Amino acid sequence: LVFVLKSAGPQVVSIHALTQEVIREHLMGNAKAQVLQTVTASLARQMHTFDRNKSETYMTCTCRAYAPHVQVLLAHVDHADTVHEVAALALDTGRFLYQVTSAFIEARRLWERALAIWLQLGGGKDSAILAVCYDHIGQSCFKMGAYPEALEQCTRGLEMRMRVFGCETSAVASSYNSIGSVYTAQGKHNEALV
């Protein structure tokens, strides 16, 4: 349950009810941007309350129901004033699914959608958030055993981080670590050391 301000005054409603309202508003065309903002903010606040250090979090709380709601938001987002927030929520929800539930395919889908949104918003220009998306997608590919694709995505992330931050940063080191892990998993230890 979340607390939201509506035209009739403050109300406590469920995330499910808010998501349904997004769909209704989309079909009717009324106040869609406001509803999207409300649902996105509510989901984001709730996602930050889950304990990512405990895998039992997923089994003992309602967080497993949030990913489908994020998917609904992604399917209906087209307002410039909510797109960025929905992409950030998709990125964060993907992290949660990856870290807590090992739901690598679902996490990857969310990260790919967030990447597509930010590519569109930024006109394809290099940015730190795009580099994070590429690296996350690469890590999910790695976990699924898709090593060539993991290497491709992690390399994109590395190259972008180098252009954005320069060569001597912890973000670049993290990308090198991801690439080294892919090579190591393939038994290519010499490439992993380069």
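Residue indices follow the written sequence of each chain, beginning from 1 at its first position. This being a predicted model, a pLDDT of at least 70 is required before a residue's local features are given, and a value of 80 or more before pairs of side-chain atoms are given or counted; all residues contribute to the totals for chains, interfaces and linings. In computing side-chain properties, one takes all heavy atoms of the structure into account and sets aside hydrogens as well as water.

Considerations on the overall build of the chain
Going along the chain from the N terminus, every DSSP run of H or I of four or more residues is numbered as a helix, and every run of E of two or more is numbered as a strand. Within the chain one finds 10 helices and two strands. If you list the helices and strands of the chain from N to C, you get β-β-α-α-α-α-α-α-α-α-α-α. Each residue is placed in one exposure class: buried if its accessible area under a 1.4 Å probe, protein chains only, is under 20% of its type's maximum, exposed if it is over 50%, and partly exposed if it falls in between. Considering the chain as a whole, with its 194 residues, one finds that 42% of them fall into the buried category. Residue pairs in contact within the chain that sit at least 24 positions apart in sequence constitute 56% of those at least 6 positions apart. Working rule for contacts: check all heavy atoms of both residues, and any pair within 4.5 Å makes them a contact.

Quick look at the packing of aromatic side chains
Any Phe, Tyr or Trp ring, taking Trp's six-membered ring, that has another such ring centre within 6.5 Å forms a pair; planes under 30 degrees apart are called stacked, those over 60 apart edge-to-face, and the others tilted. Summed over all chains, the structure comprises three aromatic pairs. Measuring from centroid to centroid gives 5.5 Å for Y98 and W111, while their planes differ by 50°, and the two rings are tilted. Taken as a pair, Y98 in helix α5 (residues 80–101) and W111 in helix α6 (residues 104–122) lie far apart in primary sequence, 13 residues in all. Classification of Y98 by relative accessible area gives buried; the value is 15%.

Some words on the environment of A146
For A146, the location among the structural elements is in the loop between α7 (128–143) and α8 (147–165). Separated by 36 residues in the primary sequence, A146 and V182 have C-alpha atoms spaced 9.3 Å apart.

Focus: the pattern of salt bridges
A carboxyl oxygen of Asp or Glu within 4 Å of a side-chain nitrogen of Lys or Arg is what we treat as a salt bridge. One pass over the structure, following the stated rule, counts five salt bridges. We note a salt bridge from D135 to R161, for which the minimum N-O separation is 4.0 Å. You can see D135 sitting in helix α7 and its partner R161 sitting in helix α8, a full 26 residues away along the chain. On the basis of relative accessible area, D135 is assigned to the buried category, the value being 2%. Between E152 and R156 there is a salt bridge whose closest N-O contact spans 3.4 Å. Of this pair, E152 and R156 both sit in helix α8, four residues apart, which is roughly one turn of that helix. Given the relative accessible area of 41%, E152 is considered partly exposed.

Quick look at α8
Along its 19 residues, α8 runs 26 Å from first to last C-alpha, staying within 8% of the 27 Å computed at 1.5 Å per residue. Turning to α8, its buried residues number three or more, namely A150, L151, Q153, C154, G157, L158, M160 and R161. At its buried positions, α8 is contacted by α7 and α9 (170–185). Directly beyond the C-terminal end of α8, a positive phi value near 95° is found at G166. Each helix should span, by expectation, one fewer than its residue count multiplied by 1.5 Å.

What to know about the nonpolar core
Across soluble globular proteins, you tend to see nonpolar side chains buried next to one another. Counting 36 residues, the largest nonpolar core has L74, L91, A114 and W118 as its most contacted members. Of all the secondary-structure elements, those providing two or more residues to this core are α4 (66–76), α5, α6, α7, α8 and α9. Ignoring any residue separated from it by four or fewer positions in sequence, one finds L91 in contact with W111, A114, W118, I129, V132, C133 and H136. Residues enter a nonpolar core if they are buried and are Ala, Val, Leu, Ile, Met, Phe, Trp, Tyr or Cys, with the set joined through side-chain atoms within 4.5 Å.

Examining the confidence of the model for the chain
When the pLDDT values of the chain are averaged, the result is 77; 62% of them are 70 or greater. Mean pLDDT values for the elements of the chain range from 54 in strand β1 (residues 2–6) up to 94 in α8. The pLDDT score gives, residue by residue, the confidence of the prediction method on a 0 to 100 scale.

A word on the packing of α8 against α9
Between α8 and α9, the least distance of the axes is 9 Å, while the angle of their chain directions is 160°. Viewed along their axes, α8 and α9 adopt a mutual orientation that is roughly antiparallel. As for how α8 packs across α9, the hand of that crossing is left-handed. Taking contact as the criterion, the partners of Y147, A150, L151, C154, T155, G157, L158, R161, M162 and F165 in α8 are, on α9, A171, V172, S174, S175, Y176, S178, I179, V182, Y183 and A185. Each residue is assigned to one class: nonpolar for Ala, Val, Leu, Ile, Met, Phe, Trp, Tyr, Cys and Pro, charged for Asp, Glu, Lys and Arg, and polar for all the others, Gly among them. Residues that form the contact of α8 with α9 fall into these classes: 14 nonpolar, five polar and one charged. Axis lines are fitted to C-alpha atoms, over the contacting stretch for helices. Their N-to-C directions set the angle, which ranges from 0 to 180 degrees. Angle categories are assigned with fixed cut-offs, so that under 35 degrees is roughly parallel, over 145 is roughly antiparallel, 65 to 115 is roughly perpendicular, and the rest are oblique. Throughout, a crossing is termed right-handed when the near helix is turned clockwise from the far one, and left-handed when it is turned anticlockwise from it by less than a right angle.

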